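# A closer look at the structure
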Amino acid sequence: MLHFFSRQKKQILLLSVTRHLFSTAAPAATTTTASSNLYSKYSFVPPPSLKPQNPNSTQPHSQSPSKKQPKPRYRPPSSLDRTGEKPVQSRLPFDFRFSYTESSTEVRPIGLREPKYSPFGPGKLDRVWTGVCAPVVDPKVGSAEDEKTVEEKRRVMRERIQGEPLTNAERKALAETCQRHKTKRQVNLGRDGLTHNMLNDIHNNWKHAEAVRIKCMGVPTVDMKNVCTQLEDKTFGKIIHRHGGLLVLYRGRNYHPKKRPVIPLMLWKPHEPVYPRLIKTTIDGLSIEETKEMRKNGLAVPALTKLAKNGYYGSLVPMVRDAFLTEELVRIDCKGLPKSDYKKIGCKLRDLVPCILVTFDKEQIVVWRGKNYEPSANGFFLTEREPFDDSNNDSDNREEENESRKGIPGDSDYDSGDSD
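Heads up: these notes are all about the structure in this document. What you see is a predicted model; the values in this text were computed from it and never measured.

### A look at unusual backbone geometry
For residues other than glycine, phi is negative in most cases, and the peptide bonds are mostly trans. The peptide bond linking Val 353 to Pro 354 adopts the cis configuration, its omega dihedral lying at -15°. Along the chain, Pro 354 turns up in the loop between helix H8 (339-352) and strand S9 (356-359). For Asn 310, which is not a glycine, the phi torsion comes out positive at approximately 55°. The class for Asn 310 is partly exposed, based on a relative accessible area of 40%. Even without being glycine, Lys 362 reaches a positive phi, approximately 55°. Examined against the element boundaries, Lys 362 turns out to sit in the loop between S9 and strand S10 (364-368). On the basis of relative accessible area, Lys 362 is assigned to the exposed category, the value being 65%.

### Quick look at the packing of aromatic side chains
A full pass over the atoms with the stated rule returns 7 aromatic pairs. For the ring pair Phe 120 and Trp 129, a centre distance of 6.4 Å and an interplane angle of 75° mean the geometry is edge-to-face. Owing to a relative accessible area of 2%, Phe 120 belongs among the buried residues under this scheme. On the accessibility criterion, Trp 129 (7% relative accessible area) is buried. When the centroid spacing of 5.5 Å and the interplanar angle of 65° are considered together, the rings of Phe 324 and Tyr 373 count as edge-to-face. Placement of Phe 324 in the loop between helix H7 (316-323) and strand S8 (329-333) and of Tyr 373 in the loop between S10 and strand S11 (385-386) is noted, with a sequence separation of 49 residues between them. Exposure class is identical for Phe 324 and Tyr 373. Each is buried. Here a set of aromatic residues connected by ring pairs shows up, and it is made of Phe 94, Phe 96, Tyr 100, Phe 120 and Trp 129. Sitting over the ring of Phe 96, Arg 127 keeps its end group 3.9 Å from the ring centre.

### Brief notes about the sheet that holds S9
Strand order in the open sheet made by the 4 strands is S7-S8-S10-S9, with mixed pairing throughout. Each edge of the open sheet carries a strand with a single partner, namely strand S7 (303-306) and S9. Pairs of neighbouring strands in the sheet enclose a mean axial angle of 30°, with direction left out of account. As judged from the 3 bridges shared by S9 and S10, these two strands associate in the antiparallel manner.

### Considerations on a nonpolar patch on the surface
A cluster of nonpolar side chains, Tyr 117, Leu 267 and Trp 268, forms an exposed patch at the surface whose accessible area comes to about 310 Å². Relative to the helices and strands, Tyr 117 is located in the loop between strand S1 (96-97) and strand S2 (133-134).

### Describing the nonpolar core
Counting residues in each nonpolar core, the largest one holds 31 residues, and the members touching the most others are Phe 96, Ile 214, Leu 231, Leu 247 and Leu 249. Broken down by secondary-structure element, the contributors of at least two residues to this core are helix H2 (144-162), strand S3 (186-189), helix H4 (196-205), strand S4 (211-216), helix H5 (224-235) and strand S6 (246-250). Among the elements that line this core, the one with the most residues is H5, at 4 residues. When sequence neighbours within four positions are dropped, the list of residues in contact with Leu 231 reads Leu 194, Ile 202, Ile 214, Phe 236, Leu 247 and Leu 249. In terms of nonpolar packing, the next biggest core, distinct from the first, is built from 25 residues, Leu 316, Leu 352, Cys 355 and Val 367 among them.

### With respect to the pairing of S10
Most of S10 is tucked away: 5 of the 5 residues are buried. Burial along S10 is two-sided: Gln 364, Val 366 and Trp 368 facing one way and Ile 365 and Val 367 facing the other are all buried. Across 5 bridges, the pairing between S8 and S10 is antiparallel. Considered in S10, the bridge of Asp 333 is made with Gln 364. What sits between S9 and S10 in their antiparallel hairpin is a turn of 4 residues, with Lys 362 showing a positive phi close to 55°.

### Thoughts on the packing of H4 against H5
One way to put it is that H4 packs onto H5 with a least axis distance of 11 Å and a crossing angle of 70°. Relative to H5, the element H4 lies roughly perpendicular. Packed against H4, whose contacting residues are Leu 199, Ile 202 and His 203, the element H5 presents Leu 231, Lys 234 and Thr 235 at the interface. Of the residues belonging to the contact of H4 with H5, the class tally is 3 nonpolar, 2 polar and 1 charged.

What counts, and at which threshold
- Residues numbered from 1 in each chain as written.
- Predicted model: local features only at pLDDT ≥ 70, side-chain atom pairs only at ≥ 80, totals over all residues.
- Heavy atoms only, no water.
- Helix = DSSP H or I, 4+ residues; strand = E, 2+ residues; numbered from the N terminus.
- Buried < 20%, exposed > 50% of the residue type's maximum accessible area, 1.4 Å probe, protein only.
- Phe/Tyr/Trp six-rings, centres within 6.5 Å; stacked < 30°, edge-to-face > 60°.
- Lys NZ or Arg CZ within 6 Å of the ring centre and 35° of its normal.
- Pairing = 2+ DSSP bridges.
- Axes fitted to C-alpha atoms, helices over the stretch in contact; angles between N-to-C directions.
- Patch = residues over 30% accessible without salt bridge, like charges linked within 9 Å, V, L, I, M, F, W, Y side chains within 5 Å.
- Areas by Shrake-Rupley, 256 points an atom, 1.4 Å probe, with all protein chains shown as cover.
- Salt bridge = Lys/Arg side-chain N within 4 Å of Asp/Glu carboxyl O.
- Core = buried A, V, L, I, M, F, W, Y, C linked by side-chain atoms within 4.5 Å.
- Contact = heavy atoms within 4.5 Å.
- Parallel < 35°, antiparallel > 145°, perpendicular 65-115°, else oblique.
- Nonpolar A, V, L, I, M, F, W, Y, C, P; charged D, E, K, R; others polar.

These results come straight from atomic positions and should not be treated as a statement about function.
Okay, structure coming up:
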């Protein structure tokens, strides 16, 4: 029995040893056969870049791999790149501003919000940008005589372009061709007023028509007289029709589209400069308590009118003047308008009425007429519809008609039948 168990143990031990030897010898055999089969079937030679190179080993320069030169980076064309180009020279005899109706030469700013970067682009214009405008006369070199010569040049240019004035028949015919049911061609004048780039739009419309329709909306319509004056002064045109905020601007008899002036365009809107505060801590002539009481009473006064966004405000100044005949404080409701809009409206009311600004709180404009208020009788404001008929032209036309009727035979001997 013992002999049987010892024999069985020897067989199990021998079997395990053979299995172990077989398992260790099999991978080596497979690797050798596999490697030998690959080298025999494929003649693979690795490239020099994949070969492990020893940094200490020296190779001849001819066998080193040649490096490809990188391509230069692509640079898209830029309008700011002025290499080899001369600055644009414009002969327009006036200072270039972003807005001609919403900026005044009389009010001087107290600071700038950005460096004096020209909005026309670096090196694009032959004028110096002062942070507010690009003057036609260099302020460091120019004098008062130069300004007078510029004004005279502007007057001569305007007279040369306009030529003879239009007759009433020609004016009515041109105004009729610019009505809404006749053409869709129109230039919109918004909260920024008459901007510099808008001059280019007007001249582009004058290529195809003698007159263009301009629709005025928003803050500039408070002072329509200023809008009409700036349009005629900067474009050298003539307004021949006006109804509310709709204007018809005539280009002139001697205007040639191919000889139009060079108008350099502004590439971006410059930041507005810093102006003095409109609302002071205390109103002039009043104490702090009286100022607080007046602001509280002003917000409680019934609103004179409510202003709509981008509406026509041409009748606002006469309304405030009429209200000051009976009331000391006037409130104007500006809910829904941007803060900058009703601040500009308040600034215009202060100069045109004139009046004293009290507060802009709660989207309201509250103005005070002052202690010794006297209604201004010499103020001129455009009516809702302005007549442009020339009485001299009418009399000349009537004389021509009478002379032509005298030449008709039998016309002077006309008998109506009332006399015997």
